[in-house]
Structure formats: structure tokens, C-alpha cells
Amino acid sequence: MAVIVAEYLGQRVDITNPVVIPVSKNVKADCPFANIKCPKHPRYKPICSVRKTGSEGTLWIVCEHRLCSTKKTERLAEHQQSILRQIARTIYASNIRDENILVKREVSIPVTADTRYSADYVMRQKNPPSDSADKVILEMQGGGETTNTGTLTQEIQLWENEKNRTNDMLTLGNNSAGTLETNAWRRQQEQFLTKGNVAFQTGGRIVFCVGSLLYDYLYSRVEKYPLVDLRDDYWSLALISFKEDLSHDVKPGSIPLIIDESKMLFTNYPSFIQILTNQGIPSKSVFTGKFINLEGEQVDV
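Residues numbered from 1 in each chain as written. Predicted model: local features only at pLDDT ≥ 70, side-chain atom pairs only at ≥ 80, totals over all residues. Heavy atoms only, no water.

> Help me understand the environment of Lys45, please; the structure alone is not making it clear to me.
Position of Lys45 relative to the elements: it lies in the loop between β2 (11-12) and β3 (47-52). Here Lys45 falls in the buried class, since its relative accessible area comes to 16%. Residues Lys45 and Gln157, spaced 112 residues apart in sequence, show a C-alpha to C-alpha distance of 8.5 Å. Those residues in contact with Lys45, other than ones at most four positions away along the chain, are Lys40, Thr153, Ile156, Gln157 and Glu160. A polar side-chain atom of Lys45 sits 2.5 Å from a polar atom in the side chain of Gln157. (Helix = DSSP H or I, 4+ residues; strand = E, 2+ residues; numbered from the N terminus. Buried < 20%, exposed > 50% of the residue type's maximum accessible area, 1.4 Å probe, protein only. Contact = heavy atoms within 4.5 Å. Polar contact = N/O pair within 3.5 Å; in protein donor to acceptor, adjacent residues only side chain to side chain.)

> I tried to follow the pairing of strand β10 (residues 205-211) on my own but got confused; where do I start?
Regular strands place side chains that alternate from one sheet face to the opposite one. Where burial is concerned, most of β10 is hidden: seven out of the seven residues are buried. The alternating pattern of β10 places Arg205, Val207, Cys209 and Gly211 on one face and Ile206, Phe208 and Val210 on the opposite face, and all of these are buried. Sheet analysis places strand β7 (residues 136-141) next to β10, joined by six bridges and oriented parallel. For Glu139, the partnering residue across the bridge sits in β10 and is Phe208. Relative to strand β11 (residues 237-244), β10 runs parallel, the two sharing six bridges. Note that in β11 the partner of Gly211 across the bridge is Phe242. Tracing the backbone out of β10, into helix α4 (residues 212-220) and back to the parallel element β11 gives a crossover that is right-handed. (Pairing = 2+ DSSP bridges. Right-handed = clockwise from strand over helix to strand, strands pointing away.)

> Honestly, the side chain of Glu139 in this entry has me stumped. Any pointers?
With respect to the element layout, Glu139 can be found in strand β7. Classification of Glu139 as buried rests on a relative accessible area of 3%. Engagement of the side chain of Glu139 in a polar contact is seen with the backbone nitrogen of Asp120, the distance being 2.9 Å. Setting aside its immediate chain neighbours within four residues, Glu139 contacts Ser118, Ala119, Asp120, Gln191, Lys195, Ile206, Val207, Phe208 and Cys209.

> Just checking my understanding: could you explain the pattern of salt bridges for this structure?
Pairing is possible between side chains of opposite charge, provided their charged atoms come close. Inspection of every chain in the model, using the stated rule, returns 15 salt bridges. In this structure, the salt-bridge partner of Lys28 is Asp30, at a minimum N-O distance of 3.8 Å. On the basis of relative accessibility, which here comes to 45%, the residue Asp30 falls in the partly exposed class. Residue Lys52 is joined to Glu181 by a salt bridge in which the shortest nitrogen-to-oxygen separation is 3.2 Å. You can see Lys52 sitting in strand β3 and its partner Glu181 sitting in helix α3 (residues 181-201), a full 129 residues away along the chain. In this structure, Lys52 and Glu181 share a single accessibility class: buried. Shared partners join several salt bridges into a network, and the residues in it are Arg12, Asp14, Arg51 and Glu244. (Salt bridge = Lys/Arg side-chain N within 4 Å of Asp/Glu carboxyl O.)

The values are spatial; any link to function lies outside them.
Quick look at the structure:
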């Protein structure tokens, strides 16, 4: 199953006009989602997100700065403000004002005496109501890498070299690249165990913001277990999914993202961790069958 380009340097390619213009290696490229230079250009192709064919063209974010960059800059970009505002209005109150949403980026978290992690964001409220959530560690994982990325790069290179290029040429899917949810999930497990525990022990909460495909992958690991929905009570862990906003007409620029109200989980952190560490079932067949000893002889056990 191939993927197709969704955004090239922040410009969606599923429109006919205007035709997206390739960026040359000797030209400065600014990230449209944060006040930074494009972290991929010029070494890599400036692809922000792709679509997974065969799954309704669902977005898979391939740049770590696409969902909500954590790079420390003087001011947050408009896109960052939009994403953080949506999150705050989901975990705090729907009418919370921007002036009352407080964030810190890339916050150092001590784990052991000589080991430190970094939280993407720490979010708090200014003068929070006594019955409201406040201290939150916020992690961003919109997607991850792809398999066989070289074939996608070749496809993009052909488009860049074409004199009569069109945006459609980026949506042919003539590649063998695919999404790698498994790798993104492995990284998330460490975040759940370490940063979540720090938040929980400090009277805070942990919130993971992910893309739709990653949410589906994560949720499939826990959906068969009885997790209590604590959205309207005291929750200590939340999974929040972002999806493409299809409520407006398609127009040039970046693809708008909104929180998917149908893909959210608010529950208890210890219960969630117990599920994560209780994966797998007994399997006698693992320890039986054909073995070899260190002399090279086959032994049936």
C-alpha cells in the first residue's frame, strides 16, 4: 500500500491551482507551522504530511513540527496557537480565553539523578477554577516515519524536474512507501511510562495528542479492556486525536487540523499503564519445538 504526498512545504497538493512550486536547495525555506526554518530542507524533501491510500486518504504526519512544533522561539506561530487553543478548550473549558492558557516548551523532566527527559509542552491555567484540571504535560506525536522512503523521494524528484509539472503528479502513488505506526507506538510507550508517571506523582495529568492513524493503532491495543471514561470526572490521562478539517471548502495553503471528537479517551493513568504492561497471553509453543545445542545438534523439546 503506497502513500501520496499531502503537503509540500505546507502547501496542500490536492488542488489544481495554484501549482505548487518546488523549492531549490540554495533557497531558504521557512516552516509555515512554526517560526523556524524548514528542518528538512535542503537535505530532504520538504514533505509535511502524506496520505495513506486505501484508508480514505487519511493524513499521516511525517514532520515532527507539523502538528505543533515545540521549538523555542520568541513567539508562537498562528498554527501553534490554534492547536494549543483547541487542546485547552478540550481539557479545560470551551470558553477559556487565550490570556489564561499558559504554556512552556521543551521542559526538562528529571527521571533519575543523571537522566532527564523533555516534555513537549507543559500547560497550565491562569487562576484555574478549583474543580478544573490544571497541571498538564502535553506530548505531540502526529505520526512518524515511513517505510521505503527512498521510493517516495524519487517520485517527488521526478515531479520537481518536470517542466510541465502539475499537482496531480504528486498524488499518483507510484512508490512503495508506507506508514510506520509500530515505530511511533514504541516511542509512545516510553513517554507513557516516564513522563506520565512524573505528571501523576506531581499531581498533574498527561495528555497525548496524536494523528488519526496513530490513535487507531494505540486504541486497538487497549479497546478490549474495561477502561473507565472519566471525561466528566477526575481523569489523569487523555488521548486526543487530530484529523483533517473537512467542514470547509478546499482552498490553497496548508490542510487545516481539528480535534476529532469521536476519537478521544479520558481515563485513569495507573489503569492505562497496567494494560500496557499486561500485553500478551501465555504461549507454551514458544518454549517447545526444534532447538539446536551449541554443538550444532538438533534437539526436539
